[in-house]
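Listed below are the residues making up each chain.
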Amino acid sequence: MAIILPAGLPAIELLRREGVTVFEDEPPAPFAGGVQPLTVALVNIMPDKPTTESQFARLLAGGERPVRLVPVLPDGYQPQTTGPDHVARFYRRWSEVDRYELDGIVVTGAPLEHLPFSAVRYWPGMSAIFNWIAAARLPAMHVCWAAMAALWHDHGVPKQDLAEKRFGIFSHVPLDVRSPVMRGIPLPLDMPVSRWAEVRLSDLPIDGSVRPLALAPVSGLALAEDPARRAVYVLNHPEYDADTLDREYERDRARGIPVPRPDPVRTAGFSWGPTGRVLFANWLAGMARLDLRDRPQGMLDLLLRIQAQGHGMAEGGYACGSTRH
């Protein structure tokens, strides 16, 4: 459909060259049929923020409703590799965000698998985000490390360290195609994997509150959801560009990290592209179907409308006692 991005964001030119409809700050006119954009926060803790912005904006532009993207950083987080001018111009701290304008949230990964969660410098800021998401029942897509962190925070599910980096493109088996987020998911269900830890099926809550959705024999659990929390946990990277794994391979080899070369046939064919597009389109469709009363901003809008209608009735001479209940 379309994506609304902060004016001047570097991703705008790239996405427009790819044929994506992009608006800066606000569209010049209302969308046809009175369609209202969905507002999605991108909590971006990846080192290369401009690239990550492009990757997720591309996927979020593929839904049936336009999406307004709000770049966010956790309180206490200090970027190490992205220029301060970029951060200051385009990002807000979580404590500065009008959270009641949000319809959903995407929390990215970060190269932190080797650290206990409590040792992450900005863990209090991440916890504040997870706490608010849970309290508001805001639809959330947690990716890679953020999926591990959210599973630990929400359910006490541990991450398990790996002796070697799990790296490459893996085909996964769908475990529950009845889930709305899995509707029409393509086969083979390919996804890039790049992590030093995993979440094991045996560690998921025995009460069934977290449902596994996709699994690979070698790379393990890939997708899970908690329907009650409206949370999706993506352990892998459906957002990656066609060349992301190749660039990571060269970087890791230069650092002396032994990782296998990604399958050139799959990288050349961008085999995981359909997976990412369908996954995010399904997630956005579910968000758009939510009842207004189930969304914080929607509930506020509903209350304001009721108040306005009540005020109009009073001016028209109707008394509360004459209203039928």
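What you are looking at is a predicted structure, and each value in this text was computed from that prediction instead of being measured.

A. Looking closely at a nonpolar patch on the surface. On the surface, V173, L175 and L201 cluster together into a nonpolar patch covering about 240 Å² of accessible area. Within the element layout of this structure, V173 appears in strand β8 (residues 160-174). Assessed through its relative accessible area of 44%, V173 is described here as partly exposed.

B. Molecular detail of the nonpolar core. I3, L5, I105 and W283 are the most contacted members of the largest nonpolar core, which has 84 residues in total. Judged by nonpolar contacts, the second largest core, of 7 residues, contains Y240, Y249, V259 and W272.

C. Main features of the pairing of strand β6 (residues 104-107). Residue alternation in β6 divides its side chains into two sets, G104 and V106 and I105 and V107, and both sets are buried. Pairing of strand β3 (residues 38-43) with β6 involves 4 bridges; the strand directions are parallel. Residue pairing in the sheet places V43 in a bridge with V107 of β6. Bridge analysis of β6 against strand β7 (residues 140-143) gives 3 bridges, and the strand direction is parallel. Looking at β7, one finds that V107 is bridged to H142.

D. Examining helix α4 (residues 123-136) more closely. Counted at 1.5 Å a residue, the expected span for α4 with its 14 residues is 20 Å, and the 20 Å between its end C-alpha atoms agrees. Taken together, the buried positions of α4 are occupied by W123, G125, M126, S127, I129, F130, W132, I133 and A136. Just beyond α4, the residue with positive phi is R137, at close to 50 degrees.

E. Expanded view of the pattern of salt bridges. The final tally for this structure, using the stated rule, is 17 salt bridges. When the shortest N-O distance is used, the salt bridge between R251 and D252 registers 3.2 Å. A cluster of three or more residues bridged by salt bridges with shared partners is formed by E18, R58 and D241.

F. The packing of α4 against helix α5 (residues 145-155), seen in detail. In contact at an axis separation of 11 Å, α4 and α5 are set at 70 degrees when each is read in the N-to-C sense. Relative to α5, α4 is oriented roughly perpendicular. In contact with W123, M126, S127, F130 and N131 of α4, α5 contributes W145, A146, A149, A150, W152, H153 and D154.

G. Just helix α2 (residues 49-60), in detail. An ideal rise of 1.5 Å per residue puts 16 Å on 12 residues; α2 measures up with 16 Å between its terminal C-alpha atoms. Of all 12 residues that make up α2, 9 are buried, and the element is covered over most of its length. Taken as a whole, α2 has its buried residues at K49, T52, E53, S54, Q55, F56, A57, L59 and L60.

H. Local environment of the side chain of D176. Inspection of the secondary structure puts D176 in the loop between β8 and β9 (189-198). A polar side-chain atom of D176 sits 3.1 Å from the main-chain amide nitrogen of R178. Each residue touching D176, except ones within four places of it in the same chain, is listed here: M182, R211, P212 and L213.

I. Spotlight on unusual backbone geometry. With an omega dihedral of 0 degrees, the bond running from L187 to P188 counts as a cis peptide bond. Among the structural elements, P188 can be located in the loop between β8 and β9. One non-glycine residue with positive phi stands out, namely R230, at about 60 degrees. One can find R230 in the loop between β11 (220-226) and β12 (231-234). Looking at R230, the relative accessible area reads 16%, which means it is buried. Positive phi is not limited to glycine here, since F270 has a value of about 50 degrees. Within the element layout of this structure, F270 appears in the loop between α7 (264-269) and α8 (273-289).

Calculation criteria
Residues numbered from 1 in each chain as written. Predicted model: local features only at pLDDT ≥ 70, side-chain atom pairs only at ≥ 80, totals over all residues. Heavy atoms only, no water. Patch = residues over 30% accessible without salt bridge, like charges linked within 9 Å, V, L, I, M, F, W, Y side chains within 5 Å. Areas by Shrake-Rupley, 256 points an atom, 1.4 Å probe, with all protein chains shown as cover. Salt bridge = Lys/Arg side-chain N within 4 Å of Asp/Glu carboxyl O. Helix = DSSP H or I, 4+ residues; strand = E, 2+ residues; numbered from the N terminus. Buried < 20%, exposed > 50% of the residue type's maximum accessible area, 1.4 Å probe, protein only. Core = buried A, V, L, I, M, F, W, Y, C linked by side-chain atoms within 4.5 Å. Pairing = 2+ DSSP bridges. Expected span 1.5 Å × (residues − 1). Axes fitted to C-alpha atoms, helices over the stretch in contact; angles between N-to-C directions. Parallel < 35°, antiparallel > 145°, perpendicular 65-115°, else oblique. Contact = heavy atoms within 4.5 Å. Polar contact = N/O pair within 3.5 Å; in protein donor to acceptor, adjacent residues only side chain to side chain.

Note that all results are geometric; they support no functional claim without further evidence.
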